[in-house]
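Understanding the architecture of this molecule
So you can see what is in the structure, the chains are spelled out below.
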Amino acid sequence: MSVREIKPDIYWVGAVDWDRRLFDELIPLPDGTSYNSYLIKDKKIALIDTVDPSKEDELINNLKKLYINNIDFVIANHAEQDHSGTIPKILGLYPNAKVVTNAKCKDMLKELLLIPDDRFITVSDRETISLGDKTLEFIFAPWVHWPDTMFTYLKEGKILFTCDFFGSHIAASELFVKDETKVYESAKRYYAEIMMPFRTSIKKHLERIKDLEIEIIAPSHGPVYNRPEFILNAYKEWISDEVKNEVVVPYISMHGSTRKMVDYFVDALIKRGITVKPFNLTKTDIGELAIALVDAATIVIASPTVLVGPHPNVIYAVYLANALRPKLKFASVIGSYGWGGKMVEQITGMLTNLKVEVLEPVIVKGYPMEENFKALDRLADEILKKHEGIS
Ligand code: FEO
């Protein structure tokens, strides 16, 4: 993707990764992604973040297209390699360039990329540097998902460069957001996958930037926001303490017993006016499950018994749900077994990060019968009662 001008002398010079389908060898990327790097020209020249090393040629070519033969500052908002991985290459090509970052990020860049100490300028929170007519201010925002993260605010352009914060994994030909509905879903997926565990920090970051005059938010993944209130409002909704009248049901069934229970239970919830989101874990994109966990009040995990515990794929989903720390209020377990086991104890024992009330499980020996369906109705009734007052 070629250079795009955001404002006079401010350019997008990154790379679009149309083909990437997995991040961290874990997170599905149904729409690819981009690594946004930004160049600001003034008396001094600053490059804000770089690109994944697999795309270094695209960044370097973009700098050539702008006839950049000197870079003064490489601003590192975050040490993760999808943004920092090309810094060593840039430092080699531009020998005067210094990496400008905070002390924590500097330590990480030295450890991860072996950048020598004398190539750094360390800044403190709210410190500014002048490029000539333009000024960059650094706003520390630790725990966007690593401890090193910060934002860079271009005062004169009223542009906030936020790296992962507000990002979305979307490969698109447009520089700015074109379809807000699409970006909303992708940004929510991204928030759910990496930022939801740090919801408390995210709240503080939103508070810190609320008085900035912002015309443009320029994250390091996905489209740039020229209507910042769209993504600011979305984040306010996701980090709020409110939950929705929704139940997430991740499930596996091996021979149909648990499936029969899930089908009945899903219908029982729908009849009671509760939104339900079942996820067959043999087919689920875990990003979709993460999105559903952002707002839901309740999770009901459904599993057959394998040996003496839950199905391993259920363990994986429960591990993720616990690690992502959604704001769930209630949890329960339904499922089946052939001769015995400790499935319920194992699943509930994994929910250590969640502040949930565990509702009485429904566990069936063999194929479910009338009394088991009544028990599922009882669980659905209890959820309805617990959800009273939730919008
Ligand atoms: Fe896009 Fe935390 O890196």
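In this text the structure is predicted, and so the values were computed from the model without any measurement.

Summed over the entire model, instances satisfying the criterion amount to two cavities of 30 Å³ or more. Here the largest cavity is characterised by a volume of approximately 60 Å³. As for the largest cavity, its lining consists of R4, W12, V16, S34, N36, I170, A172, E174, L175, G222, P223 and V224. Residues of the lining of the largest cavity, tallied by class, amount to seven nonpolar, three polar and two charged. The computed volume of the second largest cavity comes to approximately 30 Å³. Every residue lining the second largest cavity is listed: P250, L289, I299, I301, A317, V318 and A321. Breaking the lining of the second largest cavity down by element, the ones donating at least two residues are β19 (296-306) and α10 (312-324). At three residues, α10 tops the list of elements feeding residues into the lining of the second largest cavity.

Taken as a whole, this structure holds 31 salt bridges when the rule is applied. When the shortest N-O distance is used, the salt bridge between R20 and D52 registers 3.6 Å. In this pair, R20 is assigned in the loop between β3 (15-17) and β4 (22-23) and D52 in the loop between β8 (45-48) and α1 (56-65), connecting sequence segments 32 residues apart. Overall, R20 belongs to the partly exposed group, its relative accessible area being 21%. A relative accessible area of 13% means that D52 is categorised as buried. A salt bridge links R272 to D377; its shortest N-O distance comes to 3.4 Å. Linking R272 in the loop between α8 (257-271) and β18 (275-280) with D377 in helix α12 (residues 370-386), this pair joins segments that are 105 residues apart in sequence. A relative accessible area of 21% means that D377 is categorised as partly exposed. Each of K188, E237, K244 and D295 takes part in one network of salt bridges that share partners.

Between its terminal C-alpha atoms α12 stretches 24 Å, which fits the 24 Å expected from 17 residues at 1.5 Å a residue. The set of residues buried in α12 consists of N372, F373, L376, L379, A380 and I383. Along α12, the residues classed as buried sweep out an arc of 110 degrees about the axis, all on the same side. Away from its buried face, by an angle of more than 90 degrees, α12 presents the exposed residues E370, E371, K374 and K385. Contacts from the buried residues of α12 go to β17 (244-251), α8, β19, β21 (330-337) and β23 (362-365).

Taken as a whole and assessed by the stated rule, the structure comprises 12 aromatic pairs. Ring centres of Y225 and F230 lie 6.0 Å apart, and the angle between their planes is 45 degrees; on these two criteria the pair is classed as tilted. Assigned by exposure class, Y225 and F230 land together as buried. Across from the ring centre of W12, 4.3 Å away, lies the NZ or CZ of R4, which sits over that ring.

Moving on, we get to the packing of α8 against α12. Contact geometry for α8 and α12: axes closest at 9 Å, N-to-C directions at 40 degrees. When the axes of α8 and α12 are compared, the pair comes out oblique. When the axes of α8 and α12 are compared, the crossing they make is right-handed. On α12, the residues touching K260, M261, Y264, F265, A268 and L269 of α8 are F373, L376, D377, L379, A380 and I383. By residue class, the composition of the contact of α8 with α12 is 10 nonpolar, no polar and two charged.

Rules used throughout
Residues numbered from 1 in each chain as written. Predicted model: local features only at pLDDT ≥ 70, side-chain atom pairs only at ≥ 80, totals over all residues. Heavy atoms only, no water. 1 Å grid on protein atoms, 1.4 Å probe; cavity = no way out; pocket = protein on both sides within 12 Å on 5 of 7 lines; lining within 4 Å. Points joined across faces, edges and corners; volume = space filled by probe spheres on them. Nonpolar A, V, L, I, M, F, W, Y, C, P; charged D, E, K, R; others polar. Helix = DSSP H or I, 4+ residues; strand = E, 2+ residues; numbered from the N terminus. Salt bridge = Lys/Arg side-chain N within 4 Å of Asp/Glu carboxyl O. Buried < 20%, exposed > 50% of the residue type's maximum accessible area, 1.4 Å probe, protein only. Expected span 1.5 Å × (residues − 1). Arc of directions from axis to C-beta. Contact = heavy atoms within 4.5 Å. Phe/Tyr/Trp six-rings, centres within 6.5 Å; stacked < 30°, edge-to-face > 60°. Lys NZ or Arg CZ within 6 Å of the ring centre and 35° of its normal. Axes fitted to C-alpha atoms, helices over the stretch in contact; angles between N-to-C directions. Parallel < 35°, antiparallel > 145°, perpendicular 65-115°, else oblique. Left-handed = near helix turned anticlockwise from the far one by under 90°.

Keep in mind these numbers describe shape, not what the thing actually does.
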